[in-house]
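Structure at a glance
One letter stands for each residue in the lines below.
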Amino acid sequence: MQQHDPTYTALCNSVTLQSNNQGFFLDFADHVTDTVDSEWINGKFALLRTDEERLRACYELGDCVHGVLQNVQELYRKKSAPLSAQKRREAERYLDAGDPRQALLLCNHAVIRAPPTGADPSVDEGLSLTLGLAVRSESLLQLEEHEACLSDIQLAIREGFPLHRRYELYWRMGRSYRELGQVPKARVSLQLALTLLEESKDKIGPLEAISSSVRLQNEASQLGMEQLPRQLEATPIKGPTVPTVSRGRNPDMPSASRLVTVTSSPEQGRYAVATGRIATGDTVVVEAPYAACLLPDMFGTHCHHCFVRLLAPVGCSECSGIAFCSTNCRDQAVGSYHRYECHYMDLLVGSGMSILCHLALRMLTQSGLQHFLGMKDTLQESFLQPNMHPGGYASVYNLVTHADERPAKDFMHRTLMALFLLRCLQEAHFFQTNTNNNALSPDELFIGSLIIRHLQLLQFNAHEIFETQMEAPNKFRGSKTLYVGVGIYPTVAMFNHDCHPALARYFVSKYIVLRAIRPLDTGDCVSENYGPIFTKRPLDFRQRTLCSRYWFKCSCQACTEDWPTYDTLTSDSLRLR
């Protein structure tokens, strides 16, 4: 490793473990380090060669480690029916005042904090969730968010909205379908509303029943006379459109185009090269992450699963700390990783650990114990044949870790983080067996060793996921980049860095897209950029950053020829390519 600045390198290493100064993890790690002294770390510990040996050695250090690990317990934001009811009533007041936007924000709080239907019958007869959804659907109707309105109505009905008031939902449904141009569905909805109103007139009172019936019949009559254009019947397409790669997919790397392949050399390791001429604008890679995590600061604004911006979120049935854009995303998350992370989310965030540590955990929780035990004996085989199982776990497991160059103290801190995460998994019943506090079981040692490996490879191979905020569509001047999460993309991780990159990247939801920004010929290296670019950063800065953060010395053409930045360009000389 070309280590130009040891202090900066140590700082870069540290923030990949703990990025929040308010957390407790680094205090824990420093306490253990001070207790065992540097002689043990740089002597006995430095001589260990496997991650399982490192885990066992740190686990056997005694109270300095177990004093913290034994305090790991559930810590998460629980549901609150009283708070949900309070937010819903506030939203109703804003609706009455003609402010549906503020009402929507309050309804979102009401829905996320509401317990499952029937869980707290002392408040709203256990109907906090469905009542919150119903009020939110009215906010969405007034904001002309008709698809979201319909989704909330359907969910409110499934959650048991009171039958004697259900005619209101179908009435609202009819209005939304009408605005979407779906006249037949609008007619059916209004007819259902009239039927339910007739069945409920004894409960809602004669005055309301008569008034509502007259208004409903008028709307149904007006709708019967409307003849909207046939093309409006189509339901609008939901969600962002994910592009496809140019010239077809590479059969060996399904996320990449046929225009690229991966080769290797002793100097550059594995890297991507062009198999044919690549034109500017060609889409070279479109890849879903093997795993991805949302930044905690985005828990209230983006879907925890697909990372799209939230309009009318739905929550987990147990915690109130995260939100999803739909029941589909929620069910996918709860059916995989969130069932293990749910009750420990505030503990994980409160530890101050970096998003990379959460991603190291997510790589395990999304698949479960048996998935990894089933491949335990084949991981070494995949290491010898790194291109097998493209996009699977083996393609992530074999990414570079620089383990031979890692300082012993940094290795120890990563081992302690692995023990903390392992303890969270034990408490969340990831292992399905009782934990023996005196020793780690073979399964626990294996999973813990995978966490250590993840903590190493993610430092060099993870990608920040961002969205571009623009004042208006296609208006890039003045646009801002907002980082929302981090993901691991095994195909994209094969692309080397260049300070004059051939590719630019952007994201569609969690999908990463690489597109060519200059033409390439067959055999050319197809490179992306890890951060510093020659047009904005001078050579010394780029070299220091890359050596300290990624542990390599860049030898791209811009570096070897010391190309000037835009700010230092003069008109004294002119060179044409």
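Since the model is a prediction, treat every value here as computed from it, not as a measurement.

Before going further, it helps to spend a moment on the packing of helix α6 (residues 100-113) against helix α7 (residues 128-142). The interhelical angle for the contact between α6 and α7, taken along N-to-C directions, is 155 degrees, at an axis separation of 9 Å. With respect to α7, the axis of α6 lies roughly antiparallel. Helix-helix and strand crossings are classified by hand; for α6 and α7 the assignment is left-handed. Residues Pro 100, Ala 103, Leu 104, Cys 107, Asn 108 and Val 111 of α6 pack against Leu 129, Gly 132, Leu 133, Val 135, Arg 136, Ser 139, Leu 140 and Gln 142 of α7.

Right, let's talk about empty space enclosed by the protein for a bit. Counted by the stated rule, this structure contains one cavity of 30 Å³ or more. Its boundaries defined by the atoms lining it, the largest cavity holds a volume of some 50 Å³. If you trace the largest cavity, you find it lined by Tyr 340, Glu 341, Tyr 344, Leu 348, Leu 361, Thr 365, Cys 424, Leu 425 and Ala 428. A class-by-class count of the residues in the lining of the largest cavity yields seven nonpolar, one polar and one charged.

A separate point is the pattern of salt bridges. One pass over the full model with this rule turns up 17 salt bridges. Across the pair Asp 152 and Arg 136 runs a salt bridge whose closest N-O atoms are separated by 2.6 Å. Taken together, the residues span a long stretch of sequence, with Asp 152 in helix α8 (residues 146-158) and Arg 136 in helix α7 at a distance of 16 residues. The burial state of Asp 152 is the same as that of Arg 136; both residues are buried. In this structure, Glu 198 engages Lys 201 in a salt bridge whose closest nitrogen and oxygen atoms are separated by 2.8 Å. In this pair, Glu 198 and Lys 201 are both assigned in helix α10 (residues 183-204), three residues apart and thus about one turn of the helix distant. Residue classification places Glu 198 among the partly exposed positions, given a relative accessible area of 47%.

The backbone of Glu 144 shows a phi angle near 65 degrees, a positive value even though the residue is not glycine. Looking at the element boundaries, Glu 144 is found in the loop between α7 and α8. Although it is not a glycine, Trp 551 sits at a positive phi angle of roughly 65 degrees.

This part covers the sheet that holds strand β8 (residues 480-488). The antiparallel open sheet is built from three strands, whose spatial order is β6-β8-β7. The sheet is open, and its two edges are formed by β6 (291-294) and β7 (462-469), each paired on a single side. Sheet twist, expressed as the mean angle between neighbouring strand axes with direction ignored, is 35 degrees. With eight bridges connecting them, β7 and β8 associate as antiparallel partners. Considered in β8, the bridge of His 463 is made with Gly 487. Across the sheet, helix α20 (residues 442-461) lies against β7 and β8, angled at about 45 degrees from β7, the strand it touches most.

On to the environment of Gln 366, then. Its location among the elements puts Gln 366 in the loop between α15 (355-365) and α16 (369-373). On the basis of relative accessible area, Gln 366 is assigned to the partly exposed category, the value being 23%. Those residues within four positions of Gln 366 in sequence are excluded, and the remaining contacts are Tyr 290, Ala 291, Ser 336 and Tyr 337. Within the local environment of Gln 366, its side chain forms a polar contact with the backbone oxygen of Tyr 290, the two atoms lying 2.8 Å apart.

In this section: the packing of aromatic side chains. If you walk through the whole model with that rule in mind, you get 15 aromatic pairs. Ring geometry for Tyr 530 versus Phe 552: centroids 6.1 Å apart, planes at 90 degrees, classification edge-to-face. Residue Tyr 530 is located in the loop between β10 (511-516) and α21 (539-550), and its partner Phe 552 is located in the loop between α21 and α22 (557-560); the two are separated by 22 residues in the primary sequence. Phe 552 gets classed as partly exposed once you look at its relative accessible area, which sits at 24%. Here the aromatic residues Tyr 290, Phe 372, Tyr 393 and Tyr 397 are joined through ring pairs into a cluster of three or more. Across the ring face of Tyr 76, the terminal group of Lys 78 is positioned such that the distance to the ring centre comes to 4.5 Å. The ring of Tyr 8 has Arg 544 lying over it, and the distance from NZ or CZ to the ring centre is 4.0 Å.

This brings us to the state of the cysteines. Taken as a whole, this structure holds zero disulfides when the rule is applied. Unpaired in terms of disulfides, Cys 12 finds its nearest cysteine sulfur in Cys 547, a separation of 11 Å. Cys 149 forms no disulfide, and the closest cysteine sulfur to it belongs to Cys 107, at a distance of 11 Å.

The next point concerns helix α5 (residues 81-96). Between its first and last C-alpha atoms α5 spans 23 Å; for 16 residues at 1.5 Å apiece the expected length is 22 Å, and the two agree. Restricting attention to buried positions, one finds in α5 the residues Ala 81, Ser 84, Ala 85, Arg 88, Glu 90, Ala 91 and Leu 95. Here the buried face of α5 lies against α6 and α7. With a side-chain oxygen positioned 3.2 Å from the backbone nitrogen of Leu 83, the residue opening α5 is Ser 80. Looking at the residues trailing α5, positive phi occurs at Gly 98, about 80 degrees.

A separate point is the nonpolar core. Counting 155 residues, the largest nonpolar core has Leu 416, Phe 420, Ile 447 and Ile 488 as the members making the most contacts within it. It is helix α19 (residues 408-427) that contributes the most residues to this core, 12 residues altogether. Not counting chain neighbours up to four residues away, the residues in contact with Leu 416 comprise Phe 25, Phe 28, Ala 29, Val 32, Cys 58 and Val 65.

Secondary-structure assignment places Gly 350 in helix α14 (residues 345-350). Along the primary structure Gly 350 and Ser 326 are separated by 24 residues, whereas in three dimensions their C-alpha atoms are 27 Å apart.

How each quantity is defined
- Residues numbered from 1 in each chain as written.
- Predicted model: local features only at pLDDT ≥ 70, side-chain atom pairs only at ≥ 80, totals over all residues.
- Heavy atoms only, no water.
- Axes fitted to C-alpha atoms, helices over the stretch in contact; angles between N-to-C directions.
- Helix = DSSP H or I, 4+ residues; strand = E, 2+ residues; numbered from the N terminus.
- Parallel < 35°, antiparallel > 145°, perpendicular 65-115°, else oblique.
- Left-handed = near helix turned anticlockwise from the far one by under 90°.
- Contact = heavy atoms within 4.5 Å.
- 1 Å grid on protein atoms, 1.4 Å probe; cavity = no way out; pocket = protein on both sides within 12 Å on 5 of 7 lines; lining within 4 Å.
- Points joined across faces, edges and corners; volume = space filled by probe spheres on them.
- Nonpolar A, V, L, I, M, F, W, Y, C, P; charged D, E, K, R; others polar.
- Salt bridge = Lys/Arg side-chain N within 4 Å of Asp/Glu carboxyl O.
- Buried < 20%, exposed > 50% of the residue type's maximum accessible area, 1.4 Å probe, protein only.
- Pairing = 2+ DSSP bridges.
- Polar contact = N/O pair within 3.5 Å; in protein donor to acceptor, adjacent residues only side chain to side chain.
- Phe/Tyr/Trp six-rings, centres within 6.5 Å; stacked < 30°, edge-to-face > 60°.
- Lys NZ or Arg CZ within 6 Å of the ring centre and 35° of its normal.
- Disulfide = S-S within 2.5 Å.
- Expected span 1.5 Å × (residues − 1).
- Core = buried A, V, L, I, M, F, W, Y, C linked by side-chain atoms within 4.5 Å.

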